[in-house]
Structure formats: C-alpha cells, structure tokens
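An overview of the molecular structure
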Amino acid sequence: MAGRKKAAEPKVEGGRRLQVDARRQQLLALGIELFSRRDPEEISIDEIAEAAGISKGLLYHYFGSKRDFYRAAIRLASEELLADTQAQVDTAEQEPLQKLKTGLDAYLGHVEARAEGFAILVTSGTADPEVRAIVDAARRAFVTRILEDLGLPEPPGLLRAALRGWIAFVETSSLDWLEHRDLSREALRDLLAQVLLTTLVAAGLEVPI
C-alpha cells in the first residue's frame, strides 16, 4: 500500500510558499491550542505532526524537540500577553486609579481574546527552568507597568512579595472568570483593582489615589 502522502506546505499569493516565519507561527498557534487542552507530556510529537498535517521530520526542522516546541509556544503566549497589554489607549491624562483600570482592562481583554494562550502561560508549571523564566518575566513586566501607571517605584522586599501574591490572585481569578462567566469583565476588573490597592496599603505603601 502506498505510504501516506505528506501534506503540501500552504501557499500565499502568487503561488509562493508560505514564509518560514509565518508557517512557524501557525504551528505555534496549533501548539497553544493542543497544550491548553492536555498536559504536554500526554501529547506525542506524532500527534502534533498529524494535527498540523505535516511530517514529523518537518516539525523537527522547525523545532528541535517537543520540549523546544512547547517552550516556543509558551514564549509566543508571553509575547502576545505583553503586546496586548501594551497596546492600550493613551493614559497620559488619566488619574492613577483610571490608569490602573485601563491596564487591567487590557489584561482581561487579552484573557478573553486569547484564552488558550493565557491558560497555558499561567498553568505551565515550574519544572522547566526556561519555561519558568519566560512566565516570570511576563509577570514582572506586567507588574512594572501597573506600578508605572500608579507612579510607584520598583518594589523592595515586602512589596515585591505582596505583588507576587496579587499576580497569583489575578491569574486564578481570570481562569475562574473564563470557566464560569458569571460576572462582568468590569466587575472583575474593579475587584482586581481594589485588591491591589488593599495589598499596597497592607505592604505599608502610601497609595497615590
């Protein structure tokens, strides 16, 4: 019996083969979808290749291993989070509390629009040092933006610990929101803002609001 015919690479206008970077992004989008549904350890490289409609060898051409593929998917999810939360309305004329809410609106907008990517980013675990570094960098960047919106400096000791706890609350609450959808985005945003302000006060900071 003839072997299975390998799927042709998708093409773009003019009959040109899809550019390598674009094809790689397509594969990563598929990876995010797969990894958001099941543990990476449960998904074989053969299953990924079959879902993508390509040979296993071609998948290895783009990514050296399944672990490399998973790390790249996490990195893409992180980049999308930071890009989406950066691309927000101009806050120059806003008061600190409104800036905070604007930042949280952008975050929750990302959570809603890219639910699968958000899920694998915040539930990826800490066993892989490279994955942990990617996730922690995204968290630090988001916290830095929040502090800048409030006109606050980089956090020392106690405040840093408090903010790490708040980020965990943000992520858990966002996952709960995605699962149940029994409160509005505005209600969750206001809750997250109020918990942050309470956290800052508990850490001994004079909140400029």
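Residue numbers run consecutively from 1 along every chain, following the written order of its sequence. Owing to the predicted nature of the model, reporting of local features is limited to residues with pLDDT of at least 70; listing and counting of side-chain atom pairs is limited to 80 or more, with chain, interface and lining totals taken over all residues. The basis for every side-chain value is the complete set of non-hydrogen atoms in the structure, without hydrogens or water.

A few points about the environment of G31
Each helix corresponds to a stretch of at least 4 residues labelled H or I by DSSP, and each strand to a stretch of at least 2 residues labelled E; elements are numbered beginning at the N terminus. Among the structural elements, G31 can be located in helix α1 (residues 20–37). Buried, partly exposed and exposed residues are distinguished by accessible area as a fraction of the type maximum, computed with a 1.4 Å probe on protein chains only: under 20%, between the cut-offs, and over 50%, respectively. G31 sits in the buried class, given a relative accessible area of 0%. Counting along the chain gives 39 residues from G31 to Y70, while the straight-line C-alpha distance between them is 7.1 Å.

Digging into the pattern of salt bridges
By definition here, a salt bridge exists when the distance from a side-chain nitrogen of Lys or Arg to a carboxyl oxygen of Asp or Glu is within 4 Å. Scanning the model with the defined rule gives 19 salt bridges in all. E130 is paired through a salt bridge with R75; the nearest N and O atoms lie 2.7 Å apart. Of this pair, E130 sits in helix α7 (residues 129–149) while R75 sits in helix α4 (residues 66–86), and the two are 55 residues apart along the sequence. We classify E130 as partly exposed; its relative accessible area is 33%. Residue classification places R75 among the partly exposed residues on the basis of a relative accessible area of 31%. Between E80 and R114 there is a salt bridge, and its shortest N-O distance comes to 3.1 Å. One end of the pair, E80, is in helix α4; the other, R114, is in the loop between α5 (96–113) and α6 (115–122), with 34 residues separating them in the sequence. Residue class for E80 comes out buried when judged on its relative accessible area of 19%. For R114, a relative accessible area of 33% gives the class partly exposed. Among the ionic contacts, a cluster of salt bridges with common partners joins E41, R67, D68, R71, R75, D128 and E130.

Let's talk about the confidence of the model for the protein chain
Taken over all residues, the pLDDT of the protein chain has a mean of 85, while the share at 70 or more is 87%. Across the chain, each position has a pLDDT score giving the predictor's confidence in that residue, from 0 to 100. The criterion used for residue contact is that any of the two residues' heavy atoms lie within 4.5 Å. A low-confidence stretch, residues 1–16 (pLDDT under 50), is modelled with 17 contacts involving residues beyond four sequence positions or located in other chains.

Examining the packing of aromatic side chains
When the centres of two rings from Phe, Tyr and Trp lie within 6.5 Å, Trp using its six-membered ring, the rings pair. Their planes under 30 degrees apart give stacked, over 60 give edge-to-face, and anything left gives tilted. Tallying each qualifying case throughout the model produces 7 aromatic pairs. Pairing F35 with Y70 gives two aromatic rings, centres 5.0 Å apart and planes at 85 degrees, and the pair type is edge-to-face. In this pair, F35 sits in helix α1 while Y70 sits in helix α4, placing the two residues 35 residues apart along the sequence. In this structure F35 comes out as buried when scored by relative accessible area, which is 6%. Taking the centre distance of 6.5 Å and the plane angle of 5 degrees together, the rings of F142 and W166 count as stacked. One end of the pair, F142, is in helix α7; the other, W166, is in helix α8 (residues 157–180), with 24 residues separating them in the sequence. For F142, a relative accessible area of 5% puts it in the buried group.

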